[in-house]
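Understanding the architecture of this molecule
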Amino acid sequence: ADGCESDAVNASATIWEKPTATLTASESVCDGGTVTFTAGGGNEYSWTVNGVPYNDETDNVIEFTAVGSYNVSVIAKSADGCESESVSASATIWEKPVATLTASESVCFGDTLTFTAEGGNEYIWTVNGEPYNDETDNVIEFAEVGSYNVSVIAKSGDGCESDPSEIVSAQIYEKPVANLTAS
């Protein structure tokens, strides 16, 4: 109104682009293995595992070795502080089965000797220190005279293998021959 003009004021603003997070999970494994989740797209990362924030970890890789299912989400954070949308991946560490093995009592020739395994969906048999055929059922039987020292590995539906069972031994004996003499 009095004819005075203000000095020009310059202002600028930067709109940073949101990062795009990526997340990959290794294959699911059996007990004794490791599952690894690897994130990309940021400078820091905010992890959530099974719905719970994970340890203030900001690196791009996390690993697990305990049996369980891992549903993992991550948010990538750029150097300028912008955060991505959350992305998710899953992997599992399956429990190894436990093989148990039993045998019928030792028998005489003419009877059948039976070994029965439990703990898996398929079985890998060892008889007298050697692999036994391609038999994967939970029962094997013998009818020939001899000693049988058997162990088994149970295999789960997930493909995990147990440790070998204890060796179970049983025998098929020859039938005695009666000697009859006339007097």
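About the cut-offs
Residues numbered from 1 in each chain as written. Predicted model: local features only at pLDDT ≥ 70, side-chain atom pairs only at ≥ 80, totals over all residues. Heavy atoms only, no water. Pairing = 2+ DSSP bridges. Helix = DSSP H or I, 4+ residues; strand = E, 2+ residues; numbered from the N terminus. Axes fitted to C-alpha atoms, helices over the stretch in contact; angles between N-to-C directions. Buried < 20%, exposed > 50% of the residue type's maximum accessible area, 1.4 Å probe, protein only.

If you trace the three strands from one edge of the open sheet to the other, you get 9-11-14, paired in antiparallel fashion. One side of each edge strand has no neighbouring strand; the edge strands of this open sheet are strand 9 (100-103) and strand 14 (139-142). When the angles between neighbouring strand axes are averaged without regard to direction, this sheet yields 15°. Note: strand 11 (residues 113-118) against strand 14, four bridges, orientation antiparallel. When the bridges of strand 14 are listed, Thr-114 appears paired with Glu-141.

We now examine unusual backbone geometry. Unusually for a residue other than glycine, Asn-128 sits at a positive phi of about 50°. You can see Asn-128 is positioned in the loop between strand 12 (122-127) and strand 13 (130-131). A relative accessible area of 40% places Asn-128 in the partly exposed class. Phi is positive for Asn-133, which is not a glycine, with a value near 45°. Note on placement: Asn-133 falls in the loop between strand 13 and strand 14. We classify Asn-133 as exposed; its relative accessible area is 58%.

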